[in-house]
Amino acid sequence: MCGARINAAPRFLDNPFKLGVASGEPTQDGFVLWTRLAPSPFDEMSGMPLEPVAVEWQVTSDEGMSKVVAEGSAIADPTMGHSVHAEVSGLEPHRHYWYQFRAGGEISPKGRTRTLPAMGGGVDVVRIGVVSCQKYEHGYFTGFQHLSREDIDLVVHLGDYIYEKKGKFNQPRTHRGGTCYTLEEYRARYAQYKMDADLQAAHAAHPWAVSFDDHEVANDYAGADEGNGDPADEMTGRRTAAYQAYYENMPLRRAAKTNGPYISLFRRVYFGNLLAINILDTRQYRSEQPCYAGKKVERCDEVFDEKAAMLGMAQEKWLYDGLGVSRARWNTLAQQVIVAPRQLAENRYSMDKWDGYEMPRRRLIRALEERRVRNPIILSGDNHRHYVAEIKSKPEDQETPIIATEYIGGSIASRGDGSEMTNYGRRILKFNPHFKYFCDQRGYLVCTITPTQWRTDYRVMTYVERPGAPIETRVSFVTQDGHPGATKV
Ligand SMILES: [Fe+2]
């Protein structure tokens, strides 16, 4: 909006901070602060004037907001849905900060965030929360209320932040409006999710590092290919709208700002030399699912296509090069779909997972082996159930050594209440001896990482279809330094 008049003293008809505040992308000396002005979130332009608006922000070193250590002004532009992505730097490592926005005479809710440890210094312990799949219609976001109270350094979101489909009746909650195709429709869907008080609490309590899966655009889409039979040119427009709405609503850096139907999301977060998190994008660059994209099929020749892509060439090179030079004790891949082979019944697999992309999976495992990557840990979402799996050198040969450990987190809401064990789960455990755990109830993971051990706590609720469920650590698994594989404790 070069040359557009910036309104430094806007007047709002209602509170413009109804979507809450967030922080993300922490570094040793800073983070991104996010908000999106929306006094009337479901009206045209979210009730905002068609002009850029000045938004002031302030960072303090105390919860009482009295010791100001950084402040500035950002422009909330109508072309970006009046979102704010303020990049703050020059702060101290490894400590909490508090922040707040002001626009016109209105003050935002207060948020707390945290910088990363200094690279040179030793880090004794890091704790991260791992979440995914929050289908609003299937339940309440009670898990986020619990997550807001966890003692963690970072929340990693593995995707399905929104679901794109139109509202259905007879569910615990209902999506407003139809299936999302346009920018306005995706913006309104984010607004509905972000008005949830529990989700706002989790954003206001911790910095987040986010990546998306399919439902931020369309179920099971792959690269530029349609997910549900939409023509490819329509898919390009839809992806452009969906990616922009994603950027507008997430605490991402300006480097991730979309360019048409493209967004740059793969990146690393380092906690000193203790932990490197490689945040991956397994949707944007992948080739179409093979074997007619079946959910439960025998694997056809296409699964072994050398040209098939899960990460795409550029992301694969970036990942393997980074893993090759990493000095981190624990090297994590935070990504979406299950990596370990998973027979749903005898010789029946889901083609949307890494099972449909055998050559990219072999390249990944070979990269971990050849580069002698120290302690590879894979974090996955997408499946809505909690699992633990071990990934073998030849994934389907149980006699080969374990190369990596995969911790798969269940959903915040998707699939509703669920139950601890199901026939589906019994089949998974029967056909896949490298799967060590199954639970079809909702929740998230808390990972505690020290130089000697990785521990994953499975934080589980027994219901989400009504509010108020308590949370418990249902089970914990550990991986010891130098010993891939998971042991229940
Ligand atoms: Fe999902």
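Residues numbered from 1 in each chain as written. Predicted model: local features only at pLDDT ≥ 70, side-chain atom pairs only at ≥ 80, totals over all residues. Heavy atoms only, no water.

Caption draft 1: Molecular detail of the environment of Ser326. The topology assignment puts Ser326 in the loop between α5 (313–325) and β14 (330–334). You can call Ser326 partly exposed: its relative accessible area is 22%. Taking the C-alpha atoms as reference, Ser326 lies 9.7 Å from Arg371; in sequence the two are 45 residues apart. If sequence neighbours within four positions are ignored, Ser326 has contacts with Ala276 and Asn331. (Helix = DSSP H or I, 4+ residues; strand = E, 2+ residues; numbered from the N terminus. Buried < 20%, exposed > 50% of the residue type's maximum accessible area, 1.4 Å probe, protein only. Contact = heavy atoms within 4.5 Å.)

Caption draft 2: Broad picture of the coordination of the iron ion. Taken together, Cys133 (SG), Asp160 (OD), Tyr163 (OH) and His384 (NE2) make up the protein donors of the iron ion, found 2.0 to 2.5 Å from the metal. Around the iron ion sit four donor atoms; with metal-centred angles ranging over 86 to 167°, the donor geometry is irregular. In primary sequence terms, the donor set of the iron ion follows C-x26-D-x2-Y-x220-H. Of the two residues, Cys133 is situated in the loop between β9 (126–131) and α1 (142–148) and Asp160 in the loop between β10 (154–157) and α2 (183–194); the sequence distance between them amounts to 27 residues. Neither Cys133 nor Asp160 differs from the other in exposure class; each is buried. (Donors = N, O, S within 2.8 Å, 3.2 Å for Na, K, Ca; no water. Tetrahedral: all angles 85-135°; square planar, octahedral: opposite > 155°, others 65-115°.)

Caption draft 3: Main features of the pairing of strand β21 (residues 472–480). For strand β20 (residues 453–461) and β21, the ladder comprises eight bridges, and the chain directions are antiparallel. Of the residues in β21, the one forming a bridge with Val460 is Glu472. In terms of strand pairing, β21 meets strand β22 (residues 483–488) through three bridges, oriented antiparallel. Residue pairing across strands places Phe477 opposite Lys488, the latter belonging to β22. (Pairing = 2+ DSSP bridges.)

Caption draft 4: Spotlight on the layout of surface pockets. The volume enclosed by the largest pocket comes to roughly 480 Å³. Taken together, 23 residues form the lining of the largest pocket, with Lys295, Lys353, Asp382, His384 and Arg385 sitting closest to its centre. Class assignment of the residues belonging to the lining of the largest pocket gives a composition of three nonpolar, six polar and 14 charged. Approximately 240 Å³ is the volume found for the second largest pocket. Within the lining of the second largest pocket, the residues separate by chemical class into nine nonpolar, three polar and four charged. (1 Å grid on protein atoms, 1.4 Å probe; cavity = no way out; pocket = protein on both sides within 12 Å on 5 of 7 lines; lining within 4 Å. Points joined across faces, edges and corners; volume = space filled by probe spheres on them. Nonpolar A, V, L, I, M, F, W, Y, C, P; charged D, E, K, R; others polar.)

Caption draft 5: Representation of the packing of aromatic side chains. Scanning the model with the defined rule gives 20 aromatic pairs in all. Judged by centre distance (5.3 Å) and plane angle (35°), the rings of Tyr136 and Tyr193 are tilted. With Tyr136 in the loop between β9 and α1 and Tyr193 in helix α2, the pair connects residues that are 57 residues apart, well separated along the chain. Like Tyr193, Tyr136 is buried. Ring centres of Phe212 and Tyr243 lie 5.0 Å apart, and the angle between their planes is 20°; on these two criteria the pair is classed as stacked. (Phe/Tyr/Trp six-rings, centres within 6.5 Å; stacked < 30°, edge-to-face > 60°.)

Caption draft 6: Structural context of the state of the cysteines. Within this structure, the stated rule accounts for one disulfide. Disulfide partner of Cys291: Cys300, at an S-S distance of 2.1 Å. Judged by the sign of its S-S torsion, about -95°, the bond between Cys291 and Cys300 is left-handed. Here Cys291 falls in the buried class, since its relative accessible area comes to 6%. (Disulfide = S-S within 2.5 Å.)

Caption draft 7: Representation of a negative patch on the surface within the structure. A contiguous patch of negative charge on the surface is contributed by Glu288, Asp301, Glu302, Asp305 and Glu306. Note that Glu302 resides in the loop between β13 (275–279) and α5. (Patch = residues over 30% accessible without salt bridge, like charges linked within 9 Å, V, L, I, M, F, W, Y side chains within 5 Å. Areas by Shrake-Rupley, 256 points an atom, 1.4 Å probe, with all protein chains shown as cover. Salt bridge = Lys/Arg side-chain N within 4 Å of Asp/Glu carboxyl O. Lys, Arg positive; Asp, Glu negative; His and termini not counted. Charge placed at Lys NZ, Arg CZ, Asp CG, Glu CD.)

Caption draft 8: Broad picture of the pattern of salt bridges. Summed over all chains, the structure comprises 33 salt bridges. Between Glu358 and Arg299 there is a salt bridge, and its shortest N-O distance comes to 3.0 Å. On the criterion of sequence distance, the pair formed by Glu358 in helix α6 (residues 358–370) and Arg299 in the loop between β13 and α5 is long-range, its members being 59 residues apart. For Arg299, a relative accessible area of 19% translates into the label buried. The partner of Lys317 in a salt bridge is Asp321, and the shortest N-O contact between them spans 2.6 Å.

Caption draft 9: Local environment of the packing of α5 against α6. At a minimum axis separation of 10 Å, α5 and α6 run at an interaxial angle of 15°. As far as their axial angle goes, α6 and α5 are roughly parallel. For α5 against α6, the interelement crossing comes out right-handed. Contact residues: Glu316, Leu319, Tyr320 and Leu323 in α5; Pro360, Arg363, Leu364, Ala367 and Leu368 in α6. When grouped by side-chain class, the residues that make up the contact of α5 with α6 number seven nonpolar, no polar and two charged. (Axes fitted to C-alpha atoms, helices over the stretch in contact; angles between N-to-C directions. Parallel < 35°, antiparallel > 145°, perpendicular 65-115°, else oblique. Left-handed = near helix turned anticlockwise from the far one by under 90°.)

Caption draft 10: Spatial organisation of the nonpolar core. Ranked by internal contacts, the top residues of the largest apolar core, which has 46 residues, are Phe144 and Tyr246. Looking at this core, the elements with two or more residues in it are α1, α2, α3 (197–205), β11 (207–210), α4 (232–249) and β19 (435–449). Non-local contacts of Phe144, meaning those with residues more than four positions away in its chain, are made with Val131, Gln134, Asp198, Leu199, Ala202, Trp208 and Ile412. Within the second largest apolar cluster, 32 residues are counted, among which are Val126, Ala209, Leu445 and Phe477. (Core = buried A, V, L, I, M, F, W, Y, C linked by side-chain atoms within 4.5 Å.)

Caption draft 11: Spatial organisation of the environment of Phe42. In this fold, Phe42 is placed in the loop between β2 (31–36) and β3 (53–60). The exposure class of Phe42 is partly exposed, given its relative accessible area of 30%. C-alpha separation for the pair Phe42 and Val325, spaced 283 residues apart in sequence, amounts to 48 Å. Discounting chain neighbours no more than four positions away, the residues touching Phe42 are Arg176, Ala188, Ala191, Gln192 and Met195.

Caption draft 12: Molecular detail of unusual backbone geometry. The backbone phi angle of Asn170 is positive, close to 60°, even though this residue is not glycine. Mapped onto the secondary structure, Asn170 falls in the loop between β10 and α2. What makes Asn170 exposed here is its relative accessible area of 81%. Phi at Cys291 is positive, roughly 55°, even though this residue is not glycine.

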